[in-house]
Amino acid sequence: ARVLRLLAQVPQAELERSLRYGAVSAVNTVVGTVPNVLAVGLAWWGAGAWSLAVRDVLVTGLLLGLSFGVSAYRFRGQWSAPARARLMDFGRPMFVSRGIEILLERLDNVAGGVLFGNQPAGLYHTGRFVAEAGFVATRPVERISLNLYARLQHDAPRLARAWGLTNYFLLRTMLAGAAVLLVFPDVVVALLYGEAWREMAPVLRWLALYAGLFPVFHNAKNLLYGLGEVRAMVRVRDVQRVVFTAGVA
């Protein structure tokens with residue numbers, strides 16, 4: 001499933017680069033609906049956890065097939081040394097930046113489990129999942145903003161305008177959600193998970209600020225990526241890594 005997703009990124013990029021977001025929405029709607037319906041049917045027939053594995057393969061398989069079908073991209077085996085050099089110059093620091101980001105996300109839960117045990121780690125993991133729901137909801141904005149920043153990187157006034165408008169939307173949307181987590185964590189937990197999870201409420205209150213700032217941080221990351229300043233993002237990740245390591249120690 002992961003391999004198919006990697007292959008699907010090429011025609012997806014072609015669709016987004018040409019601003020064909022209607023086609024992107026149609027593909028994502030099908031991909032996000034059909035495999036889930038089939039997975040529920042498989043689970044009802046007794047497939048168990050295999051229904052989830054089949055769902056993942058169906059998601060990426062449909063994504064690949066529909067993206068290639070809708071986009072104009074076709075692989076022709078062409079090779080360009082200058083394009084390769086530009087790609088690798090961008091890709092090497094991107095690999096480091098994403099590697100550190102994924103490592104910190106994984107070690108976060110591991111550190112919590114080692115230091116405090118399974119139950120606190122589970123409460124934290126689930127609370128963080130709830131806190132990041134707003135970021136998941138605004139992911140389409142993130143994808144559009146990256147495209148926009150890359151197009152306007154040599155037009156400073158319009159770039160500043162795009163940055164300001166995106167932050168205007170993100171801050172007002174995310175801080176409203178963060179305020180709900182801060183003021184009514186018990187209600188949120190009871191609504192989503194039931195009274196058995198009431199111990200998660202204090203965790204949500206602490207994660208409220210994270211919920212508000214996380215999408216804004218990703219917008220800043222997109223700005224750096226759109227400007228081609230990937231190495232600057234690596235320096236940010238290095239600071240995060242040092243602070244995280246010191247905090248765990």
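Okay, so let's go over this structure. Keep in mind the model is a prediction, meaning the values are calculated, not measured. (Residues numbered from 1 in each chain as written. Predicted model: local features only at pLDDT ≥ 70, side-chain atom pairs only at ≥ 80, totals over all residues. Heavy atoms only, no water.)

All right, on to the packing of aromatic side chains then. Within the structure shown, the criterion is met by six aromatic pairs. Plain terms: the ring middles of F135 and F214 are 4.9 Å apart, the flat faces sit at 65° to each other, and that makes the pair edge-to-face. Taken together, the residues span a long stretch of sequence, with F135 in helix α6 (residues 133-137) and F214 in helix α10 (residues 201-226) at a distance of 79 residues. For the pair formed by F135 and F214, the shared burial category is buried. (Phe/Tyr/Trp six-rings, centres within 6.5 Å; stacked < 30°, edge-to-face > 60°. Helix = DSSP H or I, 4+ residues; strand = E, 2+ residues; numbered from the N terminus. Buried < 20%, exposed > 50% of the residue type's maximum accessible area, 1.4 Å probe, protein only.)

Here the focus is the side chain of Q12. Turning to its location among the elements, Q12 is positioned in helix α1 (residues 2-17). The exposure class assigned to Q12 is buried, which follows from its relative accessible area of 14%. The residues touching Q12, leaving out its near neighbours within four places in the chain, are N28, L63, S67 and R143. (Contact = heavy atoms within 4.5 Å.)

Our next topic: the pattern of salt bridges. If you walk through the whole model with that rule in mind, you get eight salt bridges. Here E101 ties to R98 by a salt bridge, and the two come within 2.9 Å at their closest N and O atoms. Of this pair, E101 and R98 both sit in helix α4 (residues 81-116), three residues apart, which is roughly one turn of that helix. By relative accessible area, E101 is classed as buried at 6%. By relative accessible area, which is 35% here, R98 ends up partly exposed. The closest approach of N and O atoms between R241 and D238, which form a salt bridge, is 3.1 Å. Of this pair, R241 and D238 both sit in helix α11 (residues 230-248), three residues apart, which is roughly one turn of the helix. With relative accessibility at 36%, the residue R241 sits in the partly exposed group. Take D238: its relative accessible area is 29%, and that puts it in the partly exposed class. (Salt bridge = Lys/Arg side-chain N within 4 Å of Asp/Glu carboxyl O.)

Turning to the nonpolar core, a few remarks are in order. With twelve residues, the main nonpolar core is built from L123, V130, A131, L181, V188, V189, M200, A201, L204, L207, A208 and A211. Top element by residues in this core is α10. It accounts for five residues. Sequence-distant contacts of V189, defined by excluding residues within four places in its chain, comprise G194, W197, R198, M200, A201 and L204. Within the second largest apolar cluster, six residues are counted, among which are A8, V27, V59 and L64. (Core = buried A, V, L, I, M, F, W, Y, C linked by side-chain atoms within 4.5 Å.)

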